[in-house]
Amino acid sequence: EDQVTQSPEALRLQEGESSSLNCSYTVSGLRGLFWYRQDPGKGPEFLFTLYSAGEEKEKERLKATLTKKESFLHITAPKPEDSATYLCAALRGAGNMLTFGGGTRLMVKP
Amino acid sequence: AAGVIQSPRHLIKEKRETATLKCYPIPRHDTVYWYQQGPGQDPQFLISFYEKMQSDKGSIPDRFSAQQFSDYHSELNMSSLELGDSALYFCASSLSTPDTQYFGPGTRLTVL
């Protein structure tokens with residue numbers, strides 16, 4: 001059965017303390033792996049799309065990577081404004097539905 | 001840049017009433033998706049439309065229906081509302097698939 005799992009569920013960091021969020025997937029026919037940031041009560045905000053193993057994308061303090069089994073979201077020197085829930089989602093097979101991984105709730109303390 | 005527009009942003013209904021949620025996709029996007037997000041949960045896919053035709057169906061209750069119109073906007077119609085329907089409802093749009101899905105700000109539905 002297709003599955004997407006994120007870890008950890010919650011992560012507390014001090015400002016400037018770099019870390020990585022993990023997204024493991026067992027999905028047949030992966031067509032894309034997406035990362036979103038979601039603030040409470042708001043819509044998911046698009047961060048990255050990764051299509052094939054070995055691909056990397058960067059944006060400010062964030063870097064997303066993809067292997068055949070997992071994706072990582074690396075956060076370098078985070079700031080309090082990076083606090084949010086980070087969602088990964090897989091697009092698989094012939095369908096259009098995104099399957100989400102549960103999210104990681106990130107809290108960055110000043 | 002233009003984003004996905006959803007209306008209304010908040011909606012309060014009584015049990016057994018009906019509700020209509022509207023979604024205006026990003027200009028030139030031809031695919032619209034609807035998701036439901038309960039408290040502390042992931043968005044769950046409901047249904048999608050490509051070029052005004054239903055393209056995929058997820059865990060959408062039979063009490064719900066949706067359509068996409070000629071101007072590409074979409075409406076989610078919900079009837080016989082239940083307490084469990086209280087959630088955030090997101091619309092997303094993309095330029096075909098597997099292109100990135102951009103989410104709107106959501107409609108918070110509260111059923112009393």
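Our subject is the structure that appears above.
This write-up is about the structure you can find in this document. Source: prediction; values computed, not measured.

1. Considering the state of the cysteines
Thinking step 1. The final tally for this structure, using the stated rule, is 2 disulfides over all chains.
Thinking step 2. Across a sulfur-sulfur distance of 2.0 Å, A:C23 and A:C88 are joined as a disulfide pair. Between A:C23 and A:C88, the disulfide has an S-S torsion of 70 degrees and is therefore right-handed. Of this pair, A:C23 sits in strand 3 (residues 19–26) while A:C88 sits in strand 9 (residues 84–92), and the two are 65 residues apart along the sequence.
Thinking step 3. Between the sulfur atoms of B:C23 and its disulfide partner B:C91 the distance amounts to 1.8 Å. Looking along the S-S bond of the B:C23-B:C91 disulfide, the torsion reads about -55 degrees, which is the left-handed sense. Of the two residues, B:C23 sits in strand 3 (residues 19–24) while B:C91 sits in strand 9 (residues 87–94), which places them 68 residues apart along the sequence.

2. Points about the environment of B:E75
Residue and element names in this part refer to chain B.
Thinking step 1. With respect to the element layout, E75 can be found in strand 8 (residues 74–78).
Thinking step 2. Looking at E75, the relative accessible area reads 14%, which means it is buried.
Thinking step 3. Distance from E75 to I60, taken between C-alpha atoms, is 14 Å for residues 15 residues apart in sequence.
Thinking step 4. Setting aside chain neighbours within four positions, we find E75 in contact with T20, L21, K22, W34, S65, A66, Q67 and F69.
Thinking step 5. A polar atom in the side chain of E75 sits 3.1 Å from the side chain of H73.

3. Some thoughts on the nonpolar core
Thinking step 1. A:L33, A:W35, A:L73 and A:Y86 are the most contacted members of the largest nonpolar core, which totals 23 residues.
Thinking step 2. Breaking this core down by element, the ones donating at least two residues are strand 2 (10–14), strand 3, strand 4 (30–38), strand 5 (45–50), strand 7 (62–66), strand 8 (70–75), strand 9 and strand 11 (104–109) of chain A.
Thinking step 3. Looking at which element gives the most residues to this core, the answer is strand 9 of chain A, with 4 residues.
Thinking step 4. Excluding its chain neighbours within four sequence positions, the residues that come into contact with A:Y86 are A:Q6, A:L21, A:Y36, A:R37, A:L47, A:L62, A:L73, A:G103, A:T104 and A:L106.
Thinking step 5. Of all hydrophobic cores here, the second largest spans 22 residues; its members include B:V4, B:I47, B:F49 and B:L76.

Rules used throughout
- Residues numbered from 1 in each chain as written.
- Chains lettered and ligands numbered in written order.
- Predicted model: local features only at pLDDT ≥ 70, side-chain atom pairs only at ≥ 80, totals over all residues.
- Heavy atoms only, no water.
- Disulfide = S-S within 2.5 Å.
- Helix = DSSP H or I, 4+ residues; strand = E, 2+ residues; numbered from the N terminus.
- Buried < 20%, exposed > 50% of the residue type's maximum accessible area, 1.4 Å probe, protein only.
- Contact = heavy atoms within 4.5 Å.
- Polar contact = N/O pair within 3.5 Å; in protein donor to acceptor, adjacent residues only side chain to side chain.
- Core = buried A, V, L, I, M, F, W, Y, C linked by side-chain atoms within 4.5 Å.

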